[in-house]
Amino acid sequence: MQGGLQYRKEELRVMDAMDGDLERQLRTTIKEAARLTATTPLSGVVEAFEGLALFVRSHRGKELRLDTFCDACSLVSVLFNCLGLAFKFAEMEYVAKVRDLMEASKIYTTLYNVLDRDVANRTVKTQGSHTRNLRRVRQGLDLIRALFEQFLSSNDYSLKNAATTAYSRVCAPYHTWAVRTAVYAGMYTLPSREQLLLKLHETDQTAGKKMRRYMNAVAPVIEYIDKLYMSRNISLDW
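Here's a quick rundown of the structure. These numbers come from a predicted model, not from an experiment.

Some points on the state of the cysteines
Two cysteines form a disulfide when their sulfur atoms are joined by a covalent bond.
Then step 1. Summed over all chains, the structure comprises 0 disulfides.
Then step 2. For the unlinked cysteine Cys70, the closest cysteine sulfur is that of Cys73, found at 6.3 Å.
Then step 3. Taking relative accessible area as the criterion, Cys73 reaches 0% and is therefore assigned buried.

Written out as structure tokens, the structure reads:
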């Protein structure tokens, strides 16, 4: 009995050490990814989210730190910027929400802590709450995923069509009529497919591979966030 207890303690110690190594590895990955975005924005975003995906798949109950999550999400803003005026509103909203969460990380260590605080205060869906802002950041990540998915669906598919379809599916249901009208009008100012690739410093082939990597990496991260809400009986349709 005593031997079994000692074995279990040693097992827990090893698991804690592994979790610590995984966290350090993730922080290092995101720092290196940030440097990549200066020259190849898509590469940096992909590296950061593959790191997040590895963590949430391997965390064994270890909670994702809010500051680490925000460091990775902040890199995505460059992708919105590459889309020009059409996505300026989305970029501004996304950046503001990430900044709010980064500021919140000085008080709340993990994403779990943020939701627990707002659940306790009954401020989950209150305008400006951290939980609401996290929901909008998650939406921004999904918008980029949907855009890439549409972009890759056909070599002849224009960026305008891809962006319009992605926005309509991911964001439009939650935006006011005025915002939707402004966004749809702005779609005519989107860069061409070739111009976007130039801004990203990619070719059709390299961009395609990296966009698919992002889509694969962001899926478990989005799932992780959604499960946080569902575990507290918070609906996802808002």
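Considering the packing of helix α2 (residues 41–58) against helix α11 (residues 204–230)
Then step 1. With their axes 8 Å apart at the nearest point, α2 and α11 run at an angle of 35° to one another. For α2 against α11, the interelement crossing comes out left-handed. From α2, Leu42, Ser43, Val45, Val46, Glu47, Phe49, Glu50, Leu52, Ala53, Val56 and Arg57 reach across to α11, where they touch Ala207, Lys210, Met211, Arg213, Tyr214, Asn216, Ala217, Val218, Pro220, Val221 and Tyr224.
Then step 2. Residue composition of the contact of α2 with α11, by class: 15 nonpolar, 2 polar and 5 charged.

A short note on the environment of Arg212
Then step 1. Its place among the elements puts Arg212 in helix α11.
Then step 2. Spatially, the C-alpha atom of Arg212 lies 9.3 Å from that of Val46, the residues being 166 residues apart in sequence.

Here's the deal with helix α6 (residues 111–121)
Then step 1. Along α6, the residues classified as buried are Leu111, Val114, Leu115 and Asp118. Along the axis of α6, the buried positions cluster into a sector of 90°, meaning they face one direction only.
Then step 2. Buried residues along α6 sit in contact with α3 (66–74), α7 (130–151) and α11.
Then step 3. Arg122, located one to two residues past α6, shows a positive phi value of around 60°.

What to know about the environment of Leu52
Then step 1. Tracing the backbone through its elements, the reader meets Leu52 in helix α2.
Then step 2. Of the residues examined, Leu52 reaches a relative accessible area of 0% and is grouped as buried.
Then step 3. Put simply, Leu52 and Leu64 are 12 residues apart on the chain and 8.6 Å apart in space, counted from C-alpha to C-alpha.
Then step 4. The contacts of Leu52, once residues within four sequence positions are left out, are Leu26, Ile30, Leu64, Phe69, Ala72 and Val221.

Cut-off values and rules
Residues numbered from 1 in each chain as written. Predicted model: local features only at pLDDT ≥ 70, side-chain atom pairs only at ≥ 80, totals over all residues. Heavy atoms only, no water. Disulfide = S-S within 2.5 Å. Buried < 20%, exposed > 50% of the residue type's maximum accessible area, 1.4 Å probe, protein only. Axes fitted to C-alpha atoms, helices over the stretch in contact; angles between N-to-C directions. Helix = DSSP H or I, 4+ residues; strand = E, 2+ residues; numbered from the N terminus. Left-handed = near helix turned anticlockwise from the far one by under 90°. Contact = heavy atoms within 4.5 Å. Nonpolar A, V, L, I, M, F, W, Y, C, P; charged D, E, K, R; others polar. Arc of directions from axis to C-beta.

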